[in-house]
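Below, each chain spelled out in residue letters.
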Amino acid sequence: MSPLSSSLLNPRLSFSLKPLFLFSQSSFAPRKFQIPRQFVSAKRKTFSDLASEQSSATDNGGRSGRGGRSGALSPSPVVEEVQRIDVNPPKGTRDFPPEDMRLRTWLFNHFREVSRLFGFEEVDYPVLESEALFIRKAGEEIRDQLYCFEDRGNRRVALRPELTPSLARLVMQKGKSLSLPLKWFAIGQCWRYERMTRGRRREHYQWNMDILGLPEVTAEAELISSIVAFFKRIGMTESYVGFKVSSRKVLQEVLRCYSVPENLFGKVCIIIDKIEKIPIDEIKRELNATGLSEEAIEELLQVLSIKSLTKLEEILGGAGEAVADLKELFSLSEKFGYSEWIQFDASVVRGLAYYTGIVFEGFDRQGKLRAICGGGRYDRLLSTFGGDDVPACGFGFGDAVIVELLKEKGLLPELNLEVDNIVCALDYDLQGVAAEVATKLREKGQSVDLVLESKPLKWVFKRAARTNAQRLVLVGNTEWQKGMVGVKILSSGEQYEIKLDELE
Amino acid sequence: MSPLSSSLLNPRLSFSLKPLFLFSQSSFAPRKFQIPRQFVSAKRKTFSDLASEQSSATDNGGRSGRGGRSGALSPSPVVEEVQRIDVNPPKGTRDFPPEDMRLRTWLFNHFREVSRLFGFEEVDYPVLESEALFIRKAGEEIRDQLYCFEDRGNRRVALRPELTPSLARLVMQKGKSLSLPLKWFAIGQCWRYERMTRGRRREHYQWNMDILGLPEVTAEAELISSIVAFFKRIGMTESYVGFKVSSRKVLQEVLRCYSVPENLFGKVCIIIDKIEKIPIDEIKRELNATGLSEEAIEELLQVLSIKSLTKLEEILGGAGEAVADLKELFSLSEKFGYSEWIQFDASVVRGLAYYTGF
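Owing to the predicted nature of the structure, the values given are computational and were not obtained by experimental measurement.

Scoring rules and cut-offs
Residues numbered from 1 in each chain as written. Chains lettered and ligands numbered in written order. Predicted model: local features only at pLDDT ≥ 70, side-chain atom pairs only at ≥ 80, totals over all residues. Heavy atoms only, no water. Helix = DSSP H or I, 4+ residues; strand = E, 2+ residues; numbered from the N terminus. Buried < 20%, exposed > 50% of the residue type's maximum accessible area, 1.4 Å probe, protein only. Areas by Shrake-Rupley, 256 points an atom, 1.4 Å probe, with all protein chains shown as cover. UniProt positions renumbered as here; feature names shortened; annotations may be inferred. Contact = heavy atoms within 4.5 Å. Polar contact = N/O pair within 3.5 Å; in protein donor to acceptor, adjacent residues only side chain to side chain. Domains from an automatic or database assignment. Buried area = accessible area lost by both parts, 1.4 Å probe. Salt bridge = Lys/Arg side-chain N within 4 Å of Asp/Glu carboxyl O. Nonpolar A, V, L, I, M, F, W, Y, C, P; charged D, E, K, R; others polar. Pairing = 2+ DSSP bridges. pLDDT = per-residue confidence, 0-100. Phe/Tyr/Trp six-rings, centres within 6.5 Å; stacked < 30°, edge-to-face > 60°. Axes fitted to C-alpha atoms, helices over the stretch in contact; angles between N-to-C directions. Parallel < 35°, antiparallel > 145°, perpendicular 65-115°, else oblique. Left-handed = near helix turned anticlockwise from the far one by under 90°.

## Topic: the overall build of chain A
1) Next: Along chain A, the regular secondary structure elements total 18 helices and 16 strands.
2) Next: When burial is assessed residue by residue, chain A has 55% of its 504 residues classed as buried.
3) Next: By element, 49% of the accessible surface of chain A is carried by carbon and sulfur atoms, the whole surface being about 21400 Å².

## With respect to the UniProt feature "binding site: L-histidine" (unreviewed entry) in chain A
Residues and elements named next belong to chain A.
1) Next: As annotated by UniProt and renumbered to match this structure, "binding site: L-histidine" (unreviewed entry) occupies Glu 162, Leu 163, Thr 164, Arg 192, Gln 206, Asp 210, Arg 350, Tyr 354 and Tyr 355.
2) Next: Looking at the secondary structure, you find Thr 164 in helix 6 (residues 164–174).
3) Next: Residue Thr 164 is classed as buried on the basis of its relative accessible area, which comes to 9%.
4) Next: When sequence neighbours within four positions are dropped, the list of residues in contact with Thr 164 reads Asn 208, Tyr 354, Tyr 378 and Leu 381.
5) Next: Relative to the helices and strands, Arg 192 resides in the loop between strand 5 (182–191) and strand 6 (203–212).
6) Next: A relative accessible area of 22% means that Arg 192 is categorised as partly exposed.
7) Next: Those residues in contact with Arg 192, other than ones at most four positions away along the chain, are Gln 145, Tyr 147, Arg 200, Arg 201 and Arg 202.
8) Next: A polar contact of 3.1 Å, which involves the side chain of Arg 192, links it to the side chain of Glu 194.

## A short note on the domain arrangement of chain B
Residues and elements named next belong to chain B.
1) Next: According to the domain assignment, chain B consists of domain 1 (96–213) and domain 2 (216–357).
2) Next: Listed per partner, the contact involves 20 residues of domain 1 and 16 residues of domain 2.
3) Next: Carbon and sulfur atoms make up 73% of the area that domain 1 and domain 2 hide from each other, which totals about 1500 Å².
4) Next: At the boundary of domain 1 and domain 2, one finds zero salt bridges.
5) Next: Among the secondary structure elements, those contributing two or more residues to the side of domain 1 that touches domain 2 are helix 4 (98–117) and strand 6 (203–212).
6) Next: No other element matches the seven residues that helix 4 contributes to the side of domain 1 that touches domain 2.
7) Next: Among the residues forming the side of domain 1 that touches domain 2, the class breakdown is 12 nonpolar, three polar and five charged.

## Some points on the pairing of strand 7 (residues 241–247) of chain A
All names here are of chain A.
1) Next: Counting buried positions over the seven residues of strand 7 gives six, a clear majority of the element.
2) Next: Here strand 7 runs beside strand 9 (residues 358–364); their pairing, made up of seven bridges, is antiparallel. Across the sheet, the residue bridging to Val 245 is Phe 360, located in strand 9.
3) Next: Direction of pairing for strand 7 relative to strand 8 (residues 342–344): parallel, over a ladder of three bridges. Its bridge partner being in strand 8, Phe 243 is matched across the sheet by Ile 342.

## Here's the deal with the confidence of the model for chain B
All names here are of chain B.
1) Next: On average, chain B scores 80 in pLDDT, and the residues at 70 or more come to 75%.
2) Next: Taken as a whole, residues 1–41 scores under 50 in pLDDT and shows 100 contacts with residues more than four places along the chain or in a different chain.
3) Next: In the predicted structure, residues 55–79 sits below a pLDDT of 50 and forms 45 contacts with residues beyond four places in sequence or in another chain.

## Looking at the domain arrangement of chain A
A common way to report how large an interface is uses the accessible area buried once the components associate.
1) Next: With domains assigned, chain A is organised as domain 1 (98–409) and domain 2 (419–502).
2) Next: Taken over C-alpha atoms, the centre of domain 1 of chain A sits 53 Å from the centre of domain 2 of chain A.

## A word on the pattern of salt bridges
1) Next: Following the criterion strictly, the structure yields 59 salt bridges over all chains and no others.
2) Next: Lys 183 of chain B serves as the salt-bridge partner of Asp 449 of chain A, at 2.6 Å between the closest nitrogen and oxygen. You can see Asp 449 of chain A sitting in strand 13 (residues 448–450) and its partner Lys 183 of chain B sitting in strand 5 (residues 182–191), one on each of two chains. Each member of the pair, Asp 449 of chain A together with Lys 183 of chain B, is buried.
3) Next: A salt bridge links Glu 497 of chain A to Lys 482 of chain A, with the shortest nitrogen-to-oxygen separation between them at 3.0 Å. Separated by 15 residues along the polypeptide, Glu 497 of chain A in strand 16 (residues 495–499) and Lys 482 of chain A in the loop between helix 18 (477–480) and strand 15 (484–489) bring together distant segments of the chain.
4) Next: On the basis of relative accessible area, Glu 497 of chain A is assigned to the partly exposed category, the value being 37%.
5) Next: A relative accessible area of 47% places Lys 482 of chain A in the partly exposed class.

## Let's talk about the side chain of Ser 225 of chain B
1) Next: Assignment of secondary structure puts Ser 225 of chain B in helix 7 (residues 218–233).
2) Next: Apart from residues no more than four positions distant in its own chain, Ser 225 of chain B is found in contact with Phe 118, Phe 336 and Tyr 338 of chain B.

## A look at the packing of aromatic side chains
1) Next: One pass over the full model with this rule turns up 33 aromatic pairs over all chains.
2) Next: Between the aromatic rings of Phe 96 of chain A and Tyr 205 of chain A, the centroid separation amounts to 6.3 Å while the plane-to-plane angle is 70 degrees, which identifies the pairing as edge-to-face. With a gap of 109 residues between them, Phe 96 of chain A in the loop between helix 3 (47–54) and helix 4 (98–117) and Tyr 205 of chain A in strand 6 connect regions that are remote in the sequence.
3) Next: The class of Phe 96 of chain A is buried, set by a relative accessible area of 6%.
4) Next: Of the residues examined, Tyr 205 of chain A reaches a relative accessible area of 10% and is grouped as buried.
5) Next: Considering the side-chain rings of Phe 231 of chain B and Trp 341 of chain B, the 6.1 Å spacing of their centres and the 10 degrees angle between planes classify their relative orientation as stacked. With Phe 231 of chain B in helix 7 and Trp 341 of chain B in the loop between helix 13 (321–336) and strand 8 (342–344), this residue pair connects regions lying 110 residues apart in the sequence. This pair shows no difference in class: Phe 231 of chain B is buried, exactly as Trp 341 of chain B is.
6) Next: Among the aromatic residues, those joined into a cluster by ring pairs are Phe 96, Phe 108, Phe 111, Tyr 205, Trp 207, Phe 230, Phe 231, Phe 243, Trp 341, Phe 360, Phe 395 and Phe 397 of chain A.

## Regarding the confidence of the model for chain A
Residue and element names in this part refer to chain A.
1) Next: For chain A, per-residue confidence averages 85 on the pLDDT scale, and 83% of positions sit at 70 or higher.
2) Next: Predicted confidence for residues 1–42 stays below pLDDT 50, and this span has 100 contacts to residues more than four positions away or in other chains.
3) Next: Considering only residues more than four positions removed or in separate chains, one finds that residues 55–78, a stretch of pLDDT under 50, has 37 contacts.

## Overview of the environment of Phe 134 of chain A
1) Next: For Phe 134 of chain A, the position within the fold is in the loop between strand 2 (128–130) and helix 5 (141–144).
2) Next: Phe 134 of chain A sits 31 residues away from Pro 165 of chain A along the chain, and the two C-alpha atoms are 7.3 Å apart.

## Overview of the side chain of Ser 447 of chain A
1) Next: Examined against the element boundaries, Ser 447 of chain A turns out to sit in the loop between helix 16 (431–443) and strand 13.
2) Next: Overall, Ser 447 of chain A belongs to the buried group, its relative accessible area being 1%.
3) Next: Of note is the side chain of Ser 447 of chain A, whose polar atom sits 2.8 Å from the backbone nitrogen of Asp 420 of chain A.
4) Next: Apart from the residues within four sequence positions on either side, Ser 447 of chain A is in contact with Glu 418, Val 419, Asp 420 and Asn 421 of chain A together with Arg 116 and Leu 117 of chain B.

## Concerning the pairing of strand 3 (residues 147–150) of chain B
Residues and elements named next belong to chain B.
1) Next: Of the pairings in the sheet, the one linking strand 3 to strand 4 (residues 156–159) comprises four bridges and is antiparallel in character. Following the sheet pairing, Phe 149 is matched in strand 4 by Val 157.
2) Next: Counting the residues in the hairpin turn of strand 3 and strand 4 gives five residues, including Asn 154, whose phi is positive at 65 degrees.

## Notes on the packing of helix 8 (residues 248–257) of chain B against helix 13 of chain B
Residue and element names in this part refer to chain B.
1) Next: Orientation of helix 8 relative to helix 13, taken along the N-to-C sense of each, is 160 degrees, at an axis distance of 8 Å. Between helix 8 and helix 13, the angle is such that the two are roughly antiparallel. Between helix 8 and helix 13 the crossing geometry is left-handed. Contacts between helix 8 and helix 13 pair Lys 249, Val 250 and Glu 253 from the former with Glu 321, Ala 322, Asp 325 and Leu 326 from the latter.

Here you go:
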């Protein structure tokens, strides 16, 4: 026998872990303290040496034998000073513990189901994109608040503030392999960098639906139809919410009368979009700064205050595309069955530079909240990326405002954890049988919370109540000797014994 | 009638857009060209003025009337030179067009369904976390390749390389409000920054299942059971795949015989984890650098080559926790019905510093 293995062949020993030492050098707060480097002694200990050391070792909650800790968390004795990490998520971001995750899943399931019902295909893109994708220089708020940085290779990248540029990029990438029209949807997290004094979020999830390859207004009508379908599914009626609709062409027609160059349209729209947010004098000042005359500004603001399509037609004339598109949309809304949900409002321009036609936003009729969703036509986006233009329209629908609105209307669903079964062995030796029962039920598609430790029945019932288990399956010696298990239906209290292979 | 509205009340006109000008100042390639700023003329045009301009306007594919473009994409005439963006996603990342998305959804649905069948609850955390959460100084590859940066407020943040630290953070945050045992799962994207010469991915999605509050080996047995269930669902049988199982306690027991301080365990494990990836001499060299004697290294490597639990028991003795834990797991695997799927292999240590048992 080699000297190596003989020294290892020594009487058994069980000792407890000192888990905190394992992390002392690897604490999460890197600069708090230093552990002096210990040199390894030349003399090798045997297992019996270690055995005699055990009695003086402290048990920091490590495992000795079968018993373990259970129940609620209680503080462990601190052996060394490890700096406590910040347990909150980064400023402006959210954790999703189970209850919040259930609500999010519920919401996203509705997004997905509506998209499916409308025949849209799901896609996704990286949350990180090249910064160049978002640099538009039109003064958009989205650009000021871009969450950009330099990666480790000194490349300028950004956490996306929106999904549409990625869509455009992917469509250009796929080129002629795509058959139009394209109906794609995505649910993705978007980011912005905003100074936190305002207590606002830095991330949110956004549901996007886009139709590419269709220049007709029927595309916008279909998109609005899908949001109406979504609202109906979650209990939001036309008395709670609605859509304000206009067209970028309204502004274009007015500005063209003043020979305002088209390269300024985007900027003007961005300024106009701030109408409800900054004082009117500030708006006028900014418009002036782009080069608009006082006369042009006055006329613009007048037109923007129009809330009737008839009135707009009087002013612009009925042959312009602005009025024609809008009249068609309203006509379609009657046919699609949601005319009660939409209204014309010339002040709606939306805050993205690339819209070229109809624009719309969802709003709550009580006027307490920000826009629920927004979208429009953007026929010229791909050429700004150096690609071939494709007619396109789409919308973005965030996860924040809608939840606030649901809360306000008392429409938030009650979502609790629900398991079909809680399975428990009454005797330690029957743990394996309990596992067998669990596997059997799971193979039948039933969810099972398997009790993995020795617990009193009272504890099991408490857990069953917390998890809203439908039934409790108990594996006990008496029943098992007959090849049976005990079943208790928790809602009715009914209980019976049943053979394992008959268990459904 | 105000002069304003009278000038607007003019015969109808339909004209086409010149949309490219709309974006000339706002092109995505900021430095390619400059459009001279045009001054707005004082004289306001009427709609009839615009009407007479229409006939000389070029149609760049804008919409006139009802007809529109349909069918496959066709090139529009380029008016100005706009630099084409890179249509590929950033290096090391993926797009998910419909067909790829369908596969991903299929996979994630299986992850979710198995988690549901095992009574686990879904959670999620931010993909961006404070860098401090991942600084462990144990020499892990995960740390060398951390995708970290300074945000606009000069804070050190990182795109998470794994989900477990976030789980720990959230559990600490919730404290006593949580009732144990906790069975949580998550499916999240994780990131690393690796030099792209190797053509590897910088992001991937990871399904995590964790049980908190259970010291018993039944927890590990249940987790392996869930993966077996997943494999079965997608058609992977035990003839295709399996699990190699060991315990960190094996290494601990060996190192303790050499009085190696416990604060070095993490580092030693990380080095050992590289056994299949770098030459054995390099492994020995790195172990030596942590302070281990040649004798300790030899014994360690010998033990790591053991592929039989019986043999391990001979060497370490049966009372140590390493052997006890492992024997219990193998016993449970028989009762749980997947003993054909797992095998003991002492060389499995895994590459994360914080593992204390399996």
